[in-house]
Amino acid sequence: MDWSDKIVLITGLTGSFGSAFAKYLLAKNPKKLICFSRDWLKQQNLRNELGNPQCMRWFIGDVRDKDRLLKALKGVDIVIHASAIKCLPTCQYNPFEALQTNVIGTQNTIDACIERGVHKCLLISTDKAVAPANTYGATKTLAEHLWLNANMTAANDDIRFSVCRYGNVCGSNGSVVPVFKKLIAEGAKYLPVTDDRMTRFWMEMDKVLHFVEDSIESMQGNELFIPRLPSVRITDLCKALDMPYKIVGIRPGEKLHESLDIDYTSDNNVFLTVDEIRQSIENVI
């Protein structure tokens, strides 16, 4: 895809996906790349890490603030909406705050995209949106419905809304690998596993970046893009890290097995071996 004439805005750009996609996109020389996020310190750190590229613009803003979104979206061709409160326990304890960002913030982004005539609008979603068992998943289900429904609201062939839904990204902020690595570095004698049957979908960040770019290039509006992903047993992840584990009990709102679509069952899983998990961790961490 040719990005040289595209102005791109990413909400939540300072998060794991956003910062990785920014680095990926900068190598393709976009006309302009706009960061829209509320954490000034993360912005400053990333700005320094990237060397403050001339094509980048840095907006301090919150998706809860539609007026600020409208200012940032002037002249934008493509929006990637990655902003969300993603931590499951945080959303469980603060459900209205999760609603404000993940649902109302998504609607604000939709409205601002339509008002500004953004051509392609892609929502980054999660497997937890399928048959949700917790607040985070419920808010992402609503966000997906709002986003896809925006195609009817816009009623304009030049404004398109589509969704990317995928599973856990190896090494992303707050995910199990960096949590386990931190425990190991702190001298933990074992790793906590909530249930020995627990599985999770597995995707490396470089594959996420290509998947998202391919989705943007091919989208016509109203698509829900879902990749084919392998799963890992969390007990196998512990083995790949050469650590014993202890069963500590499942958390409220936590599933044993996630789903990528409503017809999925855990019998469909293709599992990575311990060696494959180990190699994946070495590639990323």
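A.B. asks: For unusual backbone geometry, give the residues involved together with the corresponding values.
C.D. replies: Here the phi dihedral of N52 falls at roughly 50°; this positive angle occurs in a residue that is not glycine. With respect to the secondary-structure elements, N52 resides in the loop between α2 (40-50) and β3 (56-60). If you check the backbone angles, N222 has positive phi at about 80° while not being a glycine.

A.B. asks: Would you mind going over the pairing of β3 in detail, with residue names and values included?
C.D. replies: Pairing of strand β2 (residues 32-37) with β3, which is carried by five bridges, proceeds in the parallel orientation. Considered in β3, the bridge of C35 is made with W58. In terms of handedness, the path from β2 via α2 over to β3 forms a crossover that is right-handed.

A.B. asks: I'd like a description of the sheet that holds strand β5 (residues 120-126), backed by residues and values.
C.D. replies: In spatial order, the strands read β3-β2-β1-β4-β5-β6-β9; together these seven strands make up an open sheet with parallel pairing. With partners counted over all chains shown, the strands left at the sheet margins are β3 and β9 (224-225), one partner each. Direction of pairing for strand β1 (residues 7-11) relative to β2: parallel, over a ladder of five bridges. Pairing of T11 across the sheet is with F36, part of β2. Of the strands in this sheet, β2 and β3 touch α2, which is tilted by about 170° from β3. Of the strands in this sheet, β4 (78-81), β5 and β6 (160-166) are in contact with helix α5 (residues 95-116), which crosses β4 at around 180°.

Procedures and definitions
Residues numbered from 1 in each chain as written. Predicted model: local features only at pLDDT ≥ 70, side-chain atom pairs only at ≥ 80, totals over all residues. Heavy atoms only, no water. Helix = DSSP H or I, 4+ residues; strand = E, 2+ residues; numbered from the N terminus. Pairing = 2+ DSSP bridges. Right-handed = clockwise from strand over helix to strand, strands pointing away. Contact = heavy atoms within 4.5 Å. Axes fitted to C-alpha atoms, helices over the stretch in contact; angles between N-to-C directions.

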